Amino acid sequence: MRAVAAVAAALALTVSAATPAQAAPVTLTSGHVDVLDVDYTAGALTLSVNDGTGGAEIERDPADVVLQVPATAKVTVPGGSAWSFLGEAGSTAWVLPQSSTSGLIWAGWNTLEIPSGVLQGNTVSFRLTGVSGPGAVSVYTVSAGTPAKLFDSGDGLPDSLTVARNLHAHANWAFTRPGTYTATFAVTGRLASNGATVSTGAKTYTFTVLP
């Protein structure tokens, strides 16, 4: 029996040594982040997080990242029906702004690594397929004081946006309540050569909104 126990213990140690503990997700709190970083490599589209918050840009798997939205991101929802997707006028929303702001993530996307002529129309489709969390998530731009929604979980999903290749852009990312959210995106395109669809597959992003 002692011999059996010794062998079992040795096997347990071997399995433990061969299966290292999973590293904790990286929490990004401020600085430049391309939340949707789309590349085309070896006939496939890929989707990652381009972390530019440090001295060098790092491409990360979305599953390994938590995007933090601090209390300093709070804004008061303006009056007018155009802003109702953020909540009632005078209420609070949490917004990562489309312009670079100290202490906040500057969230955007890029398609800079997609070569010209590979995809039909030189475009891809960004698709937000699901959101889980205590409130609604929206992505929007503002021009001349008027918002234009790009994605909004508050009025139903999925939402799609056609995006040109070789583009680097930023928008406002808004949350209506504090708490933890997950948002699932996928990016697709059609090959110019034969019309076949290529896709990144679904990738889930985690946002933590602090009260």
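Residues numbered from 1 in each chain as written. Predicted model: local features only at pLDDT ≥ 70, side-chain atom pairs only at ≥ 80, totals over all residues. Heavy atoms only, no water.

### Observations regarding the sheet that holds strand 7 (residues 92–96)
With antiparallel pairing, the 5 strands of this open sheet are ordered in space as 6-7-14-10-11. Of all strands in the sheet, those bounded by a partner on one side alone are strand 6 (74–76) and strand 11 (146–152). Here the strands of the sheet are splayed against their neighbours by 40° on average, with no regard to which way each runs. As paired elements, strand 10 (residues 137–143) and strand 11 share 6 bridges and run antiparallel to each other. Pairing of S143 across the sheet is with T146, part of strand 11. (Pairing = 2+ DSSP bridges. Helix = DSSP H or I, 4+ residues; strand = E, 2+ residues; numbered from the N terminus. Axes fitted to C-alpha atoms, helices over the stretch in contact; angles between N-to-C directions.)

### Focus on the packing of aromatic side chains
Enumeration according to the criterion identifies 11 aromatic pairs in this entry. Ring geometry for W83 and F85: centres 6.5 Å apart, planes at 15°, overall stacked. In this structure, W83 and F85 share a single accessibility class: buried. For the ring pair F151 and F185, a centre distance of 5.5 Å and an interplane angle of 90° mean the geometry is edge-to-face. Of this pair, F151 sits in strand 11 while F185 sits in strand 15 (residues 179–190), and the two are 34 residues apart along the sequence. You can call F151 buried: its relative accessible area is 1%. Through successive ring pairs, a cluster of aromatic residues spans W109, F126, F151, W173, F175, Y181, F185, Y205 and F207. (Phe/Tyr/Trp six-rings, centres within 6.5 Å; stacked < 30°, edge-to-face > 60°. Buried < 20%, exposed > 50% of the residue type's maximum accessible area, 1.4 Å probe, protein only.)

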